[in-house]
Amino acid sequence: MTEVTRHIKTSLETAFVRIWVQGELSNFKQHTSGHLYFSLKDEGAQLSGVMWRSRVPSLGFVPEDGMKVVVHGSLTVYPPRGSYQIDAEQMQPLGVGEQQLAFERLKKKLADEGLFDVDRKKSIPPYPERIGIVTSETGAAFHDIVSVIRRRNPGVELLLFPVRVQGEGAAEEIAAAITDSNRFGNIDVLIVGRGGGSAEDLWAFNEEIVARAIAASKIPVISAVGHEVDFSIADFAADLRAPTPSAAAELAVRDRTEILEEIANLCYTMRSAVTARWEAASSNLNRMITSYSFNRPRDAVREYSQHIDELERRAGLAVLHQTKLLRQRQIAVMQHLEALNPTGVLQRGYTIIRKNGKIIKSAKQLHRDDAADIQFHDGIVVTRVEREQQ
Amino acid sequence: MTAKKNSKDSLEHSLERLEEIVGALEQGSVSLDESMNLYEEGIRISKECGERLKAAELRIKKLTKNIDGQFELSEDIEAS
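In what follows, the accompanying structure is described. Remember, it's a predicted structure, so these values are computed and weren't measured experimentally.

Trans peptide bonds make up the majority, and among non-glycine residues the majority have a negative phi. All names here are of chain A. In the Ramachandran plot, Arg-18 falls in the positive-phi region, its phi being about 50 degrees despite a non-glycine side chain. Phi at Asp-369 is positive, roughly 75 degrees, even though this residue is not glycine. Classification of Asp-369 by C-beta neighbours within 10 Å gives exposed; the count is 9.

Residues and elements named next belong to chain A. The strand order S12-S11-S13-S14 describes an open sheet built from 4 strands, whose pairing is antiparallel. The sheet is open, and its two borders are formed by strand S12 (358–359) and strand S14 (379–384), each paired with just one other strand. Pairing analysis gives 2 bridges linking strand S11 (residues 352–355) to S12, with the strands arranged antiparallel. Counted as the bridge partner of Arg-354 is Ile-359 from S12.

Glancing now at the interface of chain A and chain B. Taken together, the 36 residues of chain A in the interface contact 37 residues of chain B. Every element with two or more residues in the side of chain A that touches chain B is listed here: helix H3 (140–152), strand S7 (157–162) and helix H8 (256–290) of chain A. Considering every element that reaches the side of chain A that touches chain B, the biggest residue donor is H8 of chain A, with 12 residues. When its residues are assigned to classes, the side of chain A that touches chain B shows 23 nonpolar, 6 polar and 7 charged. Bridge count for S7 of chain A against strand S1 (residues 59–65) of chain B is 4 bridges, and the pairing is parallel. Across the sheet, residue Leu-160 of chain A finds its bridge partner in S1 of chain B, namely Lys-62 of chain B.

Residue and element names in this part refer to chain A. You can see Gly-82 is positioned in the loop between strand S4 (68–78) and strand S5 (83–93). Using a count of 11 C-beta atoms within 10 Å as the deciding quantity, one classes Gly-82 as exposed. As a C-alpha pair, Gly-82 and Lys-9 span 73 residues in sequence and 9.4 Å in three-dimensional space.

Residues Ile-174, Ile-191 and Ile-214 of chain A are the most contacted members of the largest nonpolar core, which totals 52 residues. Discounting residues that sit within four places of it in the chain, Ile-214 of chain A has contacts with Ile-178, Val-192, Val-221, Ala-234, Ala-237 and Ala-238 of chain A. Core analysis: the next-biggest nonpolar cluster, separate from the first, contains 16 residues, Tyr-127, Ile-259 and Val-274 of chain A together with Ile-45 of chain B among them.

This paragraph deals with helix H7 (residues 245–252) of chain A. All names here are of chain A. Among the residues of H7, those classed as buried are Pro-245, Ser-246, Ala-248, Ala-249 and Ala-252. Down the axis of H7, the smallest arc covering the buried residues is 160 degrees, so these residues share one side. Here the buried face of H7 lies against strand S6 (130–135), H3, strand S8 (189–194), strand S9 (221–225) and strand S10 (240–242).

The next subject is the packing of H3 of chain A against H7 of chain A. Residues and elements named next belong to chain A. Taken N-terminus to C-terminus, the directions of H3 and H7 make an angle of 35 degrees; their axes are 8 Å apart at the nearest point. Crossing of H3 over H7 shows right-handed handedness. Judged by residue contacts, Ala-141, Asp-144, Ile-145, Val-148, Ile-149 and Arg-152 of H3 engage Pro-245, Ser-246, Ala-248, Ala-249 and Glu-250 from H7. Split into classes, the residues belonging to the contact of H3 with H7 amount to 7 nonpolar, 1 polar and 3 charged.

What follows is about the packing of helix H4 (residues 170–183) of chain A against helix H5 (residues 208–216) of chain A. Residues and elements named next belong to chain A. Two elements in contact, H4 and H5, have axes whose closest approach is 8 Å; the angle formed by their N-to-C orientations is 10 degrees. Overall, the two elements H4 and H5 adopt an arrangement that is roughly parallel. Across the interface between the two elements, Ala-171, Glu-172, Ile-174, Ala-175, Ile-178 and Thr-179 of H4 pack against Ile-209, Val-210, Ala-213 and Ile-214 of H5. Here the residues of the contact of H4 with H5 are counted per class, giving 8 nonpolar, 1 polar and 1 charged.

All names here are of chain A. Across 3 bridges, the pairing between S11 and strand S13 (residues 371–376) is antiparallel. If you follow Ile-353 over to S13, its bridge partner there is Ile-374. Judged from the 6 bridges that link them, S13 and S14 form a sheet pairing that is antiparallel. By the bridge assignment, Asp-373 is partnered in S14 with Val-382. Linking S13 back to S14 in an antiparallel pair, the connection comprises 2 residues.

Cut-offs used in this document
- Residues numbered from 1 in each chain as written.
- Chains lettered and ligands numbered in written order.
- Predicted model: local features only at pLDDT ≥ 70, side-chain atom pairs only at ≥ 80, totals over all residues.
- Buried ≥ 20, exposed ≤ 12 C-beta atoms within 10 Å, placed from the backbone.
- Pairing = 2+ DSSP bridges.
- Helix = DSSP H or I, 4+ residues; strand = E, 2+ residues; numbered from the N terminus.
- Contact = placed C-beta atoms within 7 Å.
- Nonpolar A, V, L, I, M, F, W, Y, C, P; charged D, E, K, R; others polar.
- Core = buried A, V, L, I, M, F, W, Y, C linked by C-beta atoms within 7 Å.
- Arc of directions from axis to C-beta.
- Axes fitted to C-alpha atoms, helices over the stretch in contact; angles between N-to-C directions.
- Left-handed = near helix turned anticlockwise from the far one by under 90°.
- Parallel < 35°, antiparallel > 145°, perpendicular 65-115°, else oblique.

Rendered as structure tokens:
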């Protein structure tokens, strides 16, 4: 039995966590311990409930039997009595409670549809130039946004879409303005919101039509529904949630001195990069100019030219020598020729004998009565052979 | 409608370009001539951005719909 009850306890307590139930109060009792005990009932069912003393101060009203209330809490099982009950964290009289219930229902519905999914969120452009603002023209939100942006970065343009932010028809106006801003105005980012107020005042931002318009917006939306703590449905649907309109303005534009500093930093980095680059290149160049291999060709040219000079010198010498040799040979030949000059021989007493113009070198060539010319150095004598060789 | 984003003259585009230039120069992946050109471009961009940021006056306009459902853009208005 204990086992079964334990199972029931586990399954009930994990299945019904932080639920909202609505019913009529009965058997309401405040125990001397300070805890509240009650039953909730509607036409078909009854549920026991307890609210521990620590939560009672947040109640804000005095419950009475017969009141219609909305209770927020989790189911717990009390094994010794085999009973279950709701452990109430909050209890609200129906008017307010209903609204809360509607809020939770809508939130769940839209969440289930994926309207709040993180991967749907658009990033906010870092340097918007035109910012659309959907809020009341006369409200504090607009004033706050303008003064923050004027201080941080006046280099942008603000485009106000004036709407009523509370009361009948406010949600429709807000939604229409969001849609309009997507059709007109070349807007980079949209701030949708209002300054703080009561839950009632902020209600337009919990309406489905506003959430859907925000989710459908192609322009990134920053929600700024002026309540630090509570989230509105619009906050969930927005691409970025700002706790207040001023905060939204700060999220939308970067401080211009920051941007200027960043630019200065970029310039500095750029300058050092370029300087480093040129210094490296110039030292590289220097190293190359003075390097051995770079100077090789010049040295080689010098060597060649020296070699050529050398060759020239040697060639000159060679030519000179050759000339000398030739000269000597010429002289020798001349002398030789001189020696052979027949005229010289004739002067020394030799003669040349010719027969019919041909030089006679042998006695056998001459016969009796042959005519022969004898040439002396000073003339020719014609003779006739008397007797030939025997 | 948001096509002007990243248009040549947007601040965002200019700063992106400047970062790109700085990146290229830091990497040293460009030629010396190119690095000089990039540097000059970078300085020009940073000056333009600086001037634009400093010179600006906040402009506020109001967009309303007239009875025909046409948009009407007001002249600059003063914030309340």
